[in-house]
Structure formats: C-alpha cells, structure tokens
Amino acid sequence: MKIYLNDGLVDSAEAKVSVFDHGLLYGDGIFEGIRLYDGCVFKLDAHLERLEYSAKAIMLKMPWTRQQISEAVCETCRANNLKDGYIRLLVTRGEGSLGLSIQNCKQPQLIIIADTIQLYPEEFYENGLSIITVPTRRCNPAALPPTVKSLNYLNNILAKIEAQHLGYHEAIMLNDQGYVAECTGDNVFVIHKGELITPSASAGALKGITRDTALEIADELGVPWREANMTRYDVWVADELFLTGTAAEIVPIVEVDARPIGSGKPGAITGRFLESFRRRVSVEGTML
Ligand code: PXG
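Residues numbered from 1 in each chain as written. Predicted model: local features only at pLDDT ≥ 70, side-chain atom pairs only at ≥ 80, totals over all residues. Heavy atoms only, no water.

## Points about the overall build of the protein
For the protein, the helix and strand inventory stands at eight helices and 16 strands. Relative to the 2.2 N^0.38 estimate, which gives 19 Å for 288 residues, the radius of gyration of the protein is 19 Å and therefore close to what a compact globule would have. Viewed in the frame of its principal axes, the protein has a C-alpha envelope of about 55 × 40 × 30 Å. Buried residues in the protein amount to 50% of all 288 residues. Sequence-distant contacts in the protein: of pairs separated by 6 or more residues, those separated by 24 or more amount to 70%. Put simply, the protein shows about 13,700 Å² of open surface, and 53% of that area lies on carbon and sulfur atoms. (Helix = DSSP H or I, 4+ residues; strand = E, 2+ residues; numbered from the N terminus. Rg over C-alpha atoms; globule rule 2.2 N^0.38 Å. Buried < 20%, exposed > 50% of the residue type's maximum accessible area, 1.4 Å probe, protein only. Contact = heavy atoms within 4.5 Å. Areas by Shrake-Rupley, 256 points an atom, 1.4 Å probe, with all protein chains shown as cover.)

Set out below in structure tokens:
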C-alpha cells in the first residue's frame, strides 16, 4: 500500500513519523475521514475547508494549498488502485520536544491513507440500529471546540467503549448541560411531526459533511428542518431517528435507551433520505 507523506507517496513500510511528533505525544493535530465512491471523492472540497478551519482554530499553519492537498488525495487513491474506499487525512503539529510548547514544531506532517472500507452490515440499514446514551460527555466548547476535528478523540473513544461493553455499536453523547450533542462518530437527527431537528454545533455537534448533505436532502424533499437543543426525552418520543456520518452514511435508529423509536422499525422519511443520499454519492464528487 502507498501512503502519502508530506510531499509524495511512500511504501507503507516507509511511512513513519517521529516519536516526538506532537500528534502522537499530545493528540496535537487534525484529521478528516473521506469517502471514495466509484472513482469520485465525495465532497472533497467541503472536507478540505473543514480541515483548514480546524487548522486555523488550533493555530496550525499548513504549508500546503487546498489544491495541493486535493491532488495528493486523488494521487493516493490512484496509486492504490481504489475505486471505492475510505481516505484518512491527518495533519500533525510535527516533530517537537517533550514540552507542550509548539516552538520546536517546525514542520507539520501530512499523512494520507487510502484503503478499502469496512461498512456497517446492510442489515443495519434494513432493520435499524439500537443505541444507548452513555455517561461520557462531549467536551464543553469553551474547553475544546467540538467543531475542531482534532486528533484527540479520547472522550469519543471512552463513549464508544461504554457502548460496546453493553453490546451497542453507537451511543448518544450529551453535552455538559445534558442536551444531546451527537454520537461517538455520527451526527443525530430526529423527525418529529414531520419536522427534522438536529443539535447545533454550539450544543457540541461536529459540523458533519454528511449532516450538511442531510440538510440539503431535507430541502430537496421539502422536509422543514431546524437546529435545536434536544433532551433525551425529545429523542425517546421522536417518530423517527437517524444518524449521519462519512462511514455510516444514513443509518436508521429503532431503539434508544430501551425505548422503541416510532413503530420500532426504520422510518419511511429516513428511508427517503437514505435513498437520496445514495443517489447523490453516485453522481457527485471529485473525479480521480
Ligand atoms: N461527529 C463526530 C464526532 C465525528 O467524528 C461525525 C460526527 C460525522 O461527520 P462526517 O463529516 O463524517 O459526516 C464524525 C466523523 C469511525 C470514525 O471510525 C468516524 C468519524 C471520525 C473518525 C472515525 O467511525 N466520523
């Protein structure tokens, strides 16, 4: 497998970073997870814009232009003969010293991995997924803005561990005020009385690229939508619920905290969103 490292492709065995890289020492860096569908990179520009915003927020100066990174992503996919897959793009603060100071971090590292993807089984889309709320909370935005897609995913990982210990694949995370923020790697949407509702970024949601696509689909389908604070109660009494994410796409949720959602079967509106999403990925994107 070929990996893109800083300024070109190297063999995966040669793709190495320093043990003094602040990405490793402190989770000091940012990343994107991107999908390749039938030779087209889905919403590449939106992912690279989010990457630039994350970099700006953590004061990491990237020495590459958007065009350079965009070409590097496509080059990595081509070099690995991929038509469908998952692209993990990381930018670390680079090699520094053992202190927190970034003064010695002179050279950010760009890593692009393009591989095949382990998808959720089709059964999750047909029958829906059961999830629970876990105790680990999303970070308070004043501590670390959840809109920054940083390499520090410990709170999401703890939430995932809590869910998996109880036999669940995904979990709802609340923010520090007790409102629903999102799931460990997916955004949350509720459908209630024909209206689509999702937590805002200020409630601790990542501005998901798939989330944005779901809002575009809502406009296309004429489904009214709004961002709002949601309690667990709002989730339990929803008519339909679904999650969005690059890996998951749009997954229907049929049970939360042992309460069936709606009829306990994937909802009809959710089905229309998933259909529209799958149509979009086959016609949109940056061609390799
Ligand atoms: N919230 C969080 C916290 C995420 O990490 C999403 C929402 C969905 O955003 P997109 O842009 O993908 O629609 C994400 C991104 C994994 C994995 O292994 C998933 C994400 C990130 C890292 C790993 O499942 N999802």
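## Let's talk about the domain arrangement of the protein
In many analyses, interface size is given as the accessible surface area lost on bringing the parts together. In terms of domain boundaries, the protein breaks down into domain 1 (2–115) and domain 2 (122–283). Computed from C-alpha coordinates alone, the two centres of domain 1 and domain 2 are separated by 26 Å. Listed per partner, the contact involves 23 residues of domain 1 and 19 residues of domain 2. For the pair domain 1 and domain 2, the two sides together bury roughly 1,700 Å², of which 64% comes from carbon and sulfur. With a closest N to O distance of 3.4 Å, E249 and R35 form a salt bridge. (Domains from an automatic or database assignment. Buried area = accessible area lost by both parts, 1.4 Å probe. Salt bridge = Lys/Arg side-chain N within 4 Å of Asp/Glu carboxyl O.)

## Details of the packing of aromatic side chains
Under the defined criterion, the tally for this structure stands at six aromatic pairs. Aromatic pair F31 and Y153: ring centres 5.1 Å apart, planes at 70°, arrangement edge-to-face. Here F31, found in strand β3 (residues 29–37), pairs with Y153, found in the loop between β7 (129–133) and α5 (154–165); they are 122 residues apart in sequence, far enough to count as distant. For F31, a relative accessible area of 9% gives the class buried. The structure contains a cluster of three or more aromatic residues connected by ring pairs, namely Y37, F42 and F277. (Phe/Tyr/Trp six-rings, centres within 6.5 Å; stacked < 30°, edge-to-face > 60°.)

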